[in-house]
Amino acid sequence: MSEVPIRTLISPLRYVQSRGALSRLGEFVAPIGTKPLIVTDDVVWDIVQDTVAESFQAANLPRAREGFGTYATAAEVDRLARRIRETGSDVIVGIGGGSTIDAVKAAGHLEGIRWVSVPTVASTDAPCSALSVIYTDEGAFEEYRFFPHNPDLVLVDTQLVADAPVRFLVAGIGDALATWIEARAVAQAHKTTMAGGLPLITGTALAELSWKILWENSLAAIEAVKEHLVTPAVDAVVEANTLLSGLGFESGGLAAAHAIHNGLTAAPQTHGLTHGQKVNIGSLTQLVLEGAPSQEIRDFVEFTTRVGLPNTLTEIGLTTADVGDLRRVAEAATAPGETIHAMPFEVRVPELVDALRSIEGLSRSIRADAGLPEPVKHTHH
């Protein structure tokens, strides 16, 4: 096999976003398959079933529906794969959050059928990607599974997103803010991305565009979603969280922030936090490791505090005294194959532990200077 280094970008076949888009799901699924299997948990199904039923009926599609647990575990993926075989489905449609969608992608891949993502929250960039994050039954990171292609369709109804609790949108902003911080590090290091090659200028540029949109629109979008409103700011943030961050992380590259997130899942104190909340700790820690300009760090801490994202250990249930726990986090984050190895320099466990411990005092002093609230301790129930 020739080892010619390539630059590459991968993306979903089609991305659809608008208020009320769910009412057209059948129309967009029909060209992809004739026997869809819908996967969604009971809470989401209660919200969407009437709209989905009408749209599938209009498109002459049968609607078989399968429930979903909590995490995209290996066992849950295998169970869904069995259901695909039993129903003879030729397309699987995941409606819900990132774990539902990741389990659907993995099961569809195992059975060699096509897959569709219908995120009901803008909380992660999972819907667009050609990979799934598999967790243990307890919710700790287990592995990434990579697939040869992205979803055939990603359909986002912005009204569903605006109707969901605002903390999901905030989590998505935390996940998406990391995209540019990580993509620029990968570009600088000339490392490969999740797409299986070096980043194209396009992938890196989309990551930066996601960042710019979020700084411009996040605060207005959060206020609108608190009232379940869809405004241009909400549309922009949903696109940044879902499409631009999705393309940007996959084809622009992941670095320290997401590796630190994966490490944090090993600390039981952080359970109950969203993916994006933990990623935000990773983003700030990556900026510290890079020795980023103090103004950039100050802006990031102030902005994420206003958005409602954690930027101290206190807010994720840890303290600077939890050295043993932080060491385990750092060991998991620097494990072989982790994305932290895409940084332009080597990150060792002692440096990472110190960087994690340093964000507590750093963020507290920046917040105090800016007259922003003190951190509130996260307690895992």
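Everything quoted here is computed from the prediction, not taken from an experiment.

Trainee: Would you mind going over the pairing of strand S7 (residues 131-135) in detail, with residue names and values included?
Mentor: Most of S7 sits out of view: 5 of its 5 residues are buried. A two-sided burial pattern is seen for S7, the buried positions comprising Leu 131, Val 133 and Tyr 135 on one face and Ser 132 and Ile 134 on the other. Between S7 and strand S8 (residues 141-146), which pair antiparallel in sequence order, lie 5 residues; one of them, Gly 139, sits at a positive phi of approximately 95°.

Trainee: Lay out the UniProt feature "domain: Alcohol dehydrogenase iron-type/glycerol dehydrogenase GldA" (unreviewed entry) in the protein with the relevant residues and their values.
Mentor: Feature annotation in UniProt assigns "domain: Alcohol dehydrogenase iron-type/glycerol dehydrogenase GldA" (unreviewed entry) to the following positions: residues 12-158. In the segment residues 12-158, helix accounts for 35% and strand for 27%; the C-alpha atoms at its two ends are 18 Å apart.

Trainee: Before we move on, can you summarise the sheet that holds strand S6 (residues 114-119) with the specific residues and values?
Mentor: Taken together, the 6 strands give an open sheet; going across it, the order is S2-S9-S6-S5-S3-S4, and neighbouring strands pair in parallel fashion. The open sheet is flanked by strand S2 (15-18) and strand S4 (64-66), the only strands paired with a single partner. Sheet twist, expressed as the mean angle between neighbouring strand axes with direction ignored, is 20°. Pairing of strand S3 (residues 36-39) with strand S5 (residues 91-96) involves 4 bridges; the strand directions are parallel. Across the sheet, the residue bridging to Val 39 is Gly 94, located in S5. Lying over the sheet, helix H3 (residues 74-87) contacts S3, S4 and S5, oriented at roughly 150° with respect to S3.

Trainee: How would you explain helix H11 (residues 294-307) if you had to name every residue and give the values?
Mentor: Relative to the 20 Å expected for 14 residues at 1.5 Å per residue, H11 spans 20 Å between its end C-alpha atoms, a close match to the ideal helical length. Those residues of H11 that are buried lie in contact with helix H6 (166-189), helix H7 (201-226), helix H10 (275-290) and helix H13 (349-369). Just past H11, the residue Gly 308 takes up positive phi, approximately 100°.

Trainee: Kindly report on the pairing of S3, identifying the contributing residues and their values.
Mentor: Of the two faces of S3, the one lined by Pro 36 and Ile 38 and the one lined by Leu 37 and Val 39 are each fully buried. In this structure, S3 lies alongside S4, joined through 3 bridges in parallel fashion. Counted as the bridge partner of Ile 38 is Arg 65 from S4.

Trainee: Please set out helix H2 (residues 42-58) residue by residue, giving values where relevant.
Mentor: For H2, which comprises 17 residues, the first-to-last C-alpha distance of 23 Å matches the rise-based estimate of 24 Å (1.5 Å per residue) to within 8%. The largest bend along H2 reaches roughly 55° and is located at Val 48. Looking at H2, one finds that the buried residues are Val 44, Trp 45, Val 48, Val 52, Ala 53, Ser 55 and Phe 56. The secondary structure elements touched by the buried residues of H2 are helix H1 (25-29), S3, S4, S5 and helix H5 (158-163). One side-chain oxygen at the N-terminal end of H2 lies 3.1 Å from the backbone nitrogen of Val 43; it belongs to Asp 41.

Trainee: Any details on the nonpolar core? Residues and values, ideally.
Mentor: In this structure, Leu 169, Ile 173, Leu 177 and Leu 352 are the most contacted members of the largest nonpolar core, which totals 71 residues. Once you skip the residues sitting within four places of it in the chain, Ile 173 turns out to touch Leu 214, Ser 218, Ile 222, Val 237, Asn 241, Val 307 and Leu 309.

Trainee: Got a sec to walk through the environment of Glu 346? Specific residues and values, please.
Mentor: With respect to the secondary-structure elements, Glu 346 resides in the loop between helix H12 (323-333) and H13. Given a relative accessible area of 55%, Glu 346 falls into the exposed group. A sequence separation of 107 residues divides Glu 346 from Glu 239, and the C-alpha atoms of the two residues are 33 Å apart. There is a polar contact of 3.4 Å between the side chain of Glu 346 and the side chain of Arg 348.

Trainee: Could you give an account of the pattern of salt bridges, naming the residues involved and the relevant values?
Mentor: Side-chain pairs of opposite charge can arise where the charged atoms are in close proximity. In total, this model carries 21 salt bridges according to the counting rule given. Across the salt bridge formed by Arg 306 and Glu 302, the nearest N and O atoms sit 3.8 Å from each other. In this pair, Arg 306 and Glu 302 both sit in helix H11, 4 residues apart, roughly one turn of the helix. Residue Arg 306 is classed as partly exposed on the basis of its relative accessible area of 44%. For Arg 367, the salt bridge is made with Glu 315, and the minimal N-O distance between the two is 3.1 Å. In this pair, Arg 367 sits in helix H13 while Glu 315 sits in the loop between H11 and H12, placing the two residues 52 residues apart along the sequence. As far as burial versus exposure is concerned, Arg 367 and Glu 315 are alike and both buried. Several salt bridges converge on common partners, so that one network encompasses Glu 66, Glu 76, Arg 79, Arg 83 and Glu 86.

The rules behind the values
Residues numbered from 1 in each chain as written. Predicted model: local features only at pLDDT ≥ 70, side-chain atom pairs only at ≥ 80, totals over all residues. Heavy atoms only, no water. Buried < 20%, exposed > 50% of the residue type's maximum accessible area, 1.4 Å probe, protein only. Helix = DSSP H or I, 4+ residues; strand = E, 2+ residues; numbered from the N terminus. Pairing = 2+ DSSP bridges. UniProt positions renumbered as here; feature names shortened; annotations may be inferred. Axes fitted to C-alpha atoms, helices over the stretch in contact; angles between N-to-C directions. Contact = heavy atoms within 4.5 Å. Expected span 1.5 Å × (residues − 1). Bend = angle between axes of the 7 residues up to and from the residue. Polar contact = N/O pair within 3.5 Å; in protein donor to acceptor, adjacent residues only side chain to side chain. Core = buried A, V, L, I, M, F, W, Y, C linked by side-chain atoms within 4.5 Å. Salt bridge = Lys/Arg side-chain N within 4 Å of Asp/Glu carboxyl O.

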